[in-house]
Amino acid sequence: PENRQAAREAWLNAMAIWQRLEVAPVGPMGEMGKVAGGMDLRDEIYSWPGSNRCRVDQETEEQVYADVEAFKTELINVRGLDAIEQLLFVDDDDNHCAANSKLNTSGAWAALSSDEIRAQRAGYAHTLAIILLGNANALVEAWEGSFATSLATAGSGSALFDTAHAGLN
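Here's a quick rundown of the structure.

Points about the overall build of the protein
A tally of helices and strands in the protein yields eight helices and zero strands. For the protein, the succession of helices and strands along the chain, N to C, is α-α-α-α-α-α-α-α. The C-alpha extent of the protein, read off along each of the three principal axes, is 65 × 35 × 25 Å. When each of the 169 residues of the protein is scored for burial, the buried share is 34%. In the protein, 61% of the contacts between residues at least 6 apart in sequence involve partners at least 24 apart.

Below, the structure written as C-alpha cells:
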C-alpha cells in the first residue's frame, strides 16, 4: 500500500509536468514527417486518446510486460502514462473487456486472485515506469541536442529551419 501510494503520487507529479509540455507538440514530441524534428515521442509517453483499457487488462493477465525489452514493441496504447493510470488507480478486480472477449470467455481473468491481479498490475506499472523514463530521457536529449541547436540557428545554418520565421512557426 505504501509503494502504491508513492507510485500514485509520482504519477500525479509526472502528469502535472506532462500537461504543461503537451500543449506544444513541437520538435521531438511532434509527429514524424509532419512536424520539423518530429520523433513521435508524444504518443510514446502519453497515448491518450488512443488508450485501450481492455488491452491493458489483457497485457496484465498475459504478463508480457515481464520482459521490458520485448514489451517496448507492444502497441503504444498499452505503454503510456495513460496505461499506468489505469494500473495504479483502479481499485477493483474487474477488467475492462467485453463479456465476449477472450480474456473473459477463456476464464483467464477469473482464474486470477485479487492478490495476483494487484501484483501483476504493480509489475506492469514498474515495467512502464522503466520504459517511460527512457522515453522522457530521449525527449530531453533530443530537445537539448540537435533540435535546440536547429531552433537556435533557424535562418542561419539550421538543418531544419531555412528562416527564423520557419523556426518560430
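Picking up after the structure, the text goes on.
Re helix 3 (residues 53–62)
Among the residues of helix 3, C54, V56, D57, Q58, E59 and T60 are the ones counted as buried. Check the buried side of helix 3 and you find it contacts helix 4 (68–71), helix 5 (81–89), helix 6 (102–105) and helix 7 (114–152). Looking one or two places after helix 3, you find Q63, whose phi comes out positive at around 60°.

A word on the state of the cysteines
The tally for this structure, following the rule as stated, stands at one disulfide. Between the sulfur atoms of C54 and its disulfide mate C97 the distance is 2.0 Å. Its torsion about the S-S bond being 100°, the disulfide of C54 and C97 is classed as right-handed. With a gap of 43 residues between them, C54 in helix 3 and C97 in the loop between helix 5 and helix 6 connect regions that are remote in the sequence. We classify C54 as buried; its relative accessible area is 17%. Among the residues examined, C97 registers a relative accessible area of 12% and is labelled buried.

Regarding the pattern of salt bridges
Applying the stated criterion to the full structure yields 11 salt bridges. Residue R118 is joined to D93 by a salt bridge in which the shortest nitrogen-to-oxygen separation is 3.7 Å. Of this pair, R118 sits in helix 7 while D93 sits in the loop between helix 5 and helix 6, and the two are 25 residues apart along the sequence. The partly exposed category is assigned to R118, whose relative accessible area is 43%. In this structure, D115 and R118 form a salt bridge, with 3.7 Å as the shortest nitrogen-oxygen distance. Placement of the pair is D115 and R118 together in helix 7, with a separation of three residues, close to one helical turn. Several salt bridges share partner residues, and in doing so they unite R4, R8 and D91 into one network.

Topic: helix 1 (residues 2–22)
In an α-helix, one turn spans 3.6 residues; hence positions three or four apart end up facing the same way. The first and last C-alpha atoms of helix 1 sit 30 Å apart over 21 residues, in line with the 30 Å expected at 1.5 Å per residue. Among all positions in helix 1, only R8, W11, M15 and W18 are buried. End-on, the buried residues of helix 1 take up no more than an arc of 85°, which puts them together on one face. The exposed set on the far side of helix 1, more than 90 degrees from its buried face, consists of E2, N13 and R20. On its buried side, helix 1 packs onto helix 2 (41–45), helix 5 and helix 7.

Definitions and cut-offs
Residues numbered from 1 in each chain as written. Predicted model: local features only at pLDDT ≥ 70, side-chain atom pairs only at ≥ 80, totals over all residues. Heavy atoms only, no water. Helix = DSSP H or I, 4+ residues; strand = E, 2+ residues; numbered from the N terminus. Buried < 20%, exposed > 50% of the residue type's maximum accessible area, 1.4 Å probe, protein only. Contact = heavy atoms within 4.5 Å. Disulfide = S-S within 2.5 Å. Salt bridge = Lys/Arg side-chain N within 4 Å of Asp/Glu carboxyl O. Expected span 1.5 Å × (residues − 1). Arc of directions from axis to C-beta.

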